[in-house]
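Structural description and commentary
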Amino acid sequence: MELNPPLITEAELQAELAAIVAESIGWQPLGDGAYLHLGKPEEEEIVITVVGAPDAGMAGMNVLLVGW
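What this report covers is the structure whose coordinates are included nearby. (Residues numbered from 1 in each chain as written. Predicted model: local features only at pLDDT ≥ 70, side-chain atom pairs only at ≥ 80, totals over all residues. Heavy atoms only, no water.)

Topic: the pairing of strand β1 (residues 28–31)
Across 3 bridges, the pairing between β1 and strand β2 (residues 34–38) is antiparallel. Within β2, the residue paired with Gln-28 across the bridge is Leu-36. In sequence, β1 turns back onto β2 through a hairpin of 2 residues, with Gly-33 there showing a positive phi of about 75°. (Pairing = 2+ DSSP bridges. Helix = DSSP H or I, 4+ residues; strand = E, 2+ residues; numbered from the N terminus.)

Now the structure itself:
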């Protein structure tokens, strides 16, 4: 028997850490698994990434990331 059971599951912890990392590099959460990054808000071009993970190469792009 565990004396101090965890308050959240390992999966919930990993999801929370991923969200914190995403927000710390400029990704704004739009909903569950959807983030928006405006690297150059004045530009009209928007790149849509349906799956994958954000990386440093996207820093100057406007990106809507869904399903991360």
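Focus: the nonpolar core
Side chains of nonpolar character tend, in soluble globular proteins, to be buried together. Grouped together as the largest cluster of nonpolar side chains are 7 residues: Ala-19, Ala-22, Trp-27, Tyr-35, Met-58, Val-63 and Leu-65. Broken down by secondary-structure element, the contributors of at least two residues to this core are α1 (10–24) and β4 (62–66). (Core = buried A, V, L, I, M, F, W, Y, C linked by side-chain atoms within 4.5 Å. Buried < 20%, exposed > 50% of the residue type's maximum accessible area, 1.4 Å probe, protein only.)

Let's talk about α1
Note that an α-helix has 3.6 residues per turn; residues three or four places apart therefore point the same way. With 15 residues, α1 extends 21 Å from end C-alpha to end C-alpha; this agrees with the ideal 21 Å at 1.5 Å per step. In the segment just after α1, Gly-26 is the residue with positive phi, at about 100°. (Expected span 1.5 Å × (residues − 1).)

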